[in-house]
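# Reading the structure
The chain contents come next:
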Amino acid sequence: MAGSVIRRIVIVGGGSAGWMAAAALAAVVRRRVEEIVLVESSQIGTIGVGEATLPTLRAFNGSLGLDEIEFIRNTQATFKLGIEFVGWNPERAFFHGFSDFGPDLRGVSPHQAWLRMRAAGDDRSYCGYSISTLAAQLGRFAPPIPNRDSVLGSYSYAFQFDAASYAAYLRAFAEQRGVRRVEGRIVDVRLRAEDGFIESVVLEGGRSVSGDLFIDCSGFVGLLIERALQAGFEDWSKWLPCDRAFAVPCARTGEPTPFTRSTAHQAGWQWRIPLQHRTGNGYVFCSSYISEDEAAATLLANLDGAALGAPRLIKFTAGRRRECWKRNCVALGLASGFLEPLESTSIHLVESGIGRLIELFPDRGFEPKLAEEYNRLMARSYESIRDFIILHYWASGRDGELWRYYRNMPIPDGLRHQIELFKASGTVALYDSGAFAEPSWISIYFGLGIFPRRHDPMADVIDEAALRRELERRARIVTGAAQSLPTHRAFIDKYCRASG
Amino acid sequence: MSELGQRSPHGLRSLLIVGGGTAGWMTAAALTRVLGRCCEISLVESEVIGTVGVGEATIPSLPAFHGLLGVDEGEFLRATRGTFKLGIQFRDWHTVGESFLHPFGPYGINVSHELFQAYWLKRRREGSPSPLEEWSVTGLAATLGRVGSPPLKDPSSALRQLSYAYHLDATLYARFLRAYAEGRGVRRIEGEIVDVRIDPRGRVDSLLLRDGRSMGADFFIDCSGFRALVIAEALKTGYVDWSEWLPCDGAVAVQCETAGDPVPFTQSTALDAGWQWRIPLQHRVGNGYVYSSAHLSNDEATARLLERLEGAPLSDPRSLRFKAGRRTSVWVGNCLALGLAAGFLEPLESTSIHLVQTGLARLFSLFPDRECDPAISAEYNRLTALEYERVRDFLILHYAASQREDSAFWRHCRAMAVPETLAYKKELFTRTGRIALLEHETFQPASWLALYAGLHVWPERHEPIVEILAGGDLKARFEGMREVIRKSVDTLPAHTTFLNEIVTRPPQ
């Protein structure tokens, strides 16, 4: 059947992943396929608890042609300049922002120049060169100007939004473009006898929905990819043992911060994601080190405002599906794997999965090489993010039983090599397809107090007095730029306040 | 947690470059440019030992290297009798009588490679093929013998896609860089190395010269060519042998008089037991026959090369033997190998000088101090191995995808297995049309497409992306693009006119 185009796409599950896929496919391939169907059951809740994202979401929304202001108003979104990590380094909080530390100085990375001046006795914090960090600390935000050479054009931003509203917003978008929503709970998946491809999904009541390409967005259970096709799961819990989370929204108190906060606790960490109308919170924990009751109590004791409901428990295992694409089924979102939301990568992984599916779009022949290439690329994305998250735990100086486990566990070879290189030279070894670039790795290393044994000898080539003057000049410019921005609240009120 | 390093009291005080061929003097020039007078840089070479100096064609990273050095283009071309190069013409590689061009730079204008490729392949399948090189500004310019400077200040010009490298006289190039480096403080030492002293930690301590002098340094860069006298002879670093995939192990090179104006591209002609290069310079043409000694003797190769020259030979033919592969580690302790000492990949895609350059760039980004921390060399070696393997695979494809069966050599190539990484790429392409990029690729999708198409390797599947992304105006858009390419290239001067303008231009 090579050369025969896909006629029907069936998306299973209507959380953020499902409706993101529906919206993107509606925007890109709808004209070329007969029908796109999304099956969801309103009885099954979605995980969506208030999501923080990466700046890549803006490109995804842009590719759909979404109006940013309208998107923000519809999803109660706030702007995000990065993540503040509290308690991860017992000595001080630190920030991972969506900006770098300035341009190279005569071919030398700015963090190396800073290390050199620090070795010479200067005590300015490296954060002073990060516009996103300073703006976040001041609670300020405005979108960057379209000039990469200016400090005010050198940062990026993402959103913190209500995932359920995002799904609803994308649903309206997709339905307007012809995606058909089918309400119903799936009770069976029928496979073709000859090749094991999915033929149809059977709904409660006996109706069935058939298709050529199935997209499994059914969440952790992996209704199609795992239950029906047994794609297998690579378990990463030896590196990422957290296996539960309690989530609860609370009333907002004070101004919404233009950043997500992650606070380390005894048996995991707590997220705080400010939206326009409320604040999302959750405690990601390891059930071997704390009881569920204690975890829920810890979460409730650490909210800034009154809890809006009872904490909801979510169970998971860190890892990835061995084959995210198997036969005629592509898994997206939690059905494809799970990495705790420490770096807000869940939606990003959905975006990249959708992007690659479109690039490698199959026909009814479902050439297995397409799936192989897709799986190769997704595996690399998952692994690079996994390693980045492991670094946070492994390098934390926090005390406690779980934290000692992290510190002493064997880590993946690639990550070990990266850490050794950084300690030896301050160089960040980047792997392909990494979601996080050099400044991100440096933020975590420095933030957790990992400094190289020595700075780049190339930094010694620059005249010391000239280097000091240049760094002082930069710090002044960055501080001035951050102070010139409006407050986050003022910006939202002026341009994009949600009505509800 | 480790302590924050103090300003290193362990910075390199001295660097010694071993060998003064192209690699050695490139290294000396770049080091002195970047390090200034922070560090004493010396180069030891012997006039009795010749250099290989046949790597005379380059790829477009060389202009960037000259940008780093601050070298004036006209001065460089005058000194090296160089010409411009827009790509490589491959003759008789698919079958005898067929040729194709591998131009530098992308195909199309303001279009992703994926969409361009899908569209071009679709038109071909529909029975309307068009020459691939006509979709590349650089390719069309090469075909028409035109060259010009990319108009950096005009972002809307299609000529910004123009990408060029050079053909140069490697001996003159080494001399040019030597003058540059010596002028900036590099000390040249004439002498023949007779021994390498290793300290108890296994680090290089010093080199002993024939006249009894001993040369010590904190760091050594082995540019001694195939001999690899520090990295291999003294440090016993092994070699990864790739001759099962790249069977050519000999070359004979000769210069000849030029017949006609130099073309702005290298020519590579497949012969019975290998291939022949032709590199046009201002004053002569460089030629060579890269062959497999299992299929042809050196005498036969020499005779065959001489009878194929377009003009009278200007030198005695020189023979080389080599083995395709790479050093298992190019950086060991306080010794880094660059150039032929680091590995050998035949000059089929003119990568020798490029690999020296990237080796230098990598050295600057992972610059050592006297401690030479093994974590740093481990990263250097990891990246180098990946880079060599990617280039290796691209070279192997030239042989593995040829349809020639007219000699034992070509039958051997057709029958040989290829590395898994290449097998994956080729199968992915033939089955899906997708060009996979692995970690650390030198050659981008446009180059892979040039080669696949030139060797008639076609995808079995029509990529739906072109249907998906395409509006009805796709054909109009592409025809418009082709017209813009044609008109833009038409404004370029002839190669010799442009070359003359550049070499007579006062330094800028």
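What counts as what
Residues numbered from 1 in each chain as written. Chains lettered and ligands numbered in written order. Predicted model: local features only at pLDDT ≥ 70, side-chain atom pairs only at ≥ 80, totals over all residues. Domains from an automatic or database assignment. Contact = placed C-beta atoms within 7 Å. Nonpolar A, V, L, I, M, F, W, Y, C, P; charged D, E, K, R; others polar. Pairing = 2+ DSSP bridges. Helix = DSSP H or I, 4+ residues; strand = E, 2+ residues; numbered from the N terminus. Expected span 1.5 Å × (residues − 1). Buried ≥ 20, exposed ≤ 12 C-beta atoms within 10 Å, placed from the backbone.

Residue and element names in this part refer to chain B. According to the domain assignment, chain B consists of domain 1 (12-56 + 169-242 + 322-372), domain 2 (100-163 + 386-508) and domain 3 (250-320). For domain 1 versus domain 2, the separation of C-alpha centres amounts to 34 Å. The interface of domain 1 with domain 2 comprises nine residues on the first partner and eight residues on the second. Taken together, the residues of the side of domain 1 that touches domain 2 break down into three nonpolar, three polar and three charged.

Time to look at the domain arrangement of chain A. You'll often see interface size given as the accessible area lost when the parts meet. Residue and element names in this part refer to chain A. Domain annotation for chain A reports domain 1 (8-77 + 161-237 + 318-384) and domain 2 (248-314). Computed from C-alpha coordinates alone, the two centres of domain 1 and domain 2 are separated by 27 Å. Between domain 1 and domain 2, the contact holds 12 residues from the first and 13 residues from the second. A breakdown of the residues in the side of domain 1 that touches domain 2 according to their chemical character gives seven nonpolar, three polar and two charged.

Attention shifts here to the sheet that holds strand β7 (residues 158-161) of chain A. Residues and elements named next belong to chain A. The three strands lie next to each other as β3-β7-β4, forming an open sheet whose pairing is antiparallel. For this open sheet the edge positions go to β3 (51-52) and β4 (78-80), each flanked by a neighbour on one side alone. Here two bridges tie β3 to β7, and the two strands are oriented antiparallel to one another. Across the sheet, E51 pairs through a bridge with F161, a residue of β7.

What follows is about helix α12 (residues 413-425) of chain A. Along its 13 residues, α12(A) runs 18 Å from first to last C-alpha, staying within 8% of the 18 Å computed at 1.5 Å per residue. Looking at α12(A), one finds that the buried residues are L415(A), Q418(A), I419(A), L421(A), F422(A), A424(A) and S425(A). Elements that come into contact with the buried residues of α12(A) comprise α10 (368-394) and α13 (438-447) of chain A together with α10 (374-400) of chain B. Following α12(A) by one or two positions, G426(A) adopts a phi angle in the positive range, close to 75°.

It is worth spelling out the sheet that holds strand β21 (residues 343-344) of chain B at this point. One key point about sheets: their strands pair by backbone hydrogen bonds, in either a parallel or an antiparallel sense. All names here are of chain B. With antiparallel pairing, the three strands of this open sheet are ordered in space as β12-β18-β21. Two strands bound the open sheet, and with one partner strand each, they are β12 (239-241) and β21. By the bridge criterion, three bridges tie β12 to strand β18 (residues 325-327) in an arrangement that is antiparallel. Bridge pairing in β18 places D241 opposite G325.

Residue and element names in this part refer to chain A. Side chains A158 and Q160 of β7 all project onto a buried face; the interleaved residues F159 and F161 project onto the opposite face, where all are buried too. Across three bridges, the pairing between β4 and β7 is antiparallel. Bridging from a neighbouring strand, K80 pairs with A158 of β7.

We now examine the interface of chain B and chain A. Between chain B and chain A, the residue contacts involve 37 residues of the former and 41 residues of the latter. Counting only elements with at least two residues in the side of chain B that touches chain A, the list comes to α9 (352-365), α10, α12 (420-432) and α14 (464-469) of chain B. Broken down by class, the residue content of the side of chain B that touches chain A amounts to 16 nonpolar, nine polar and 12 charged.

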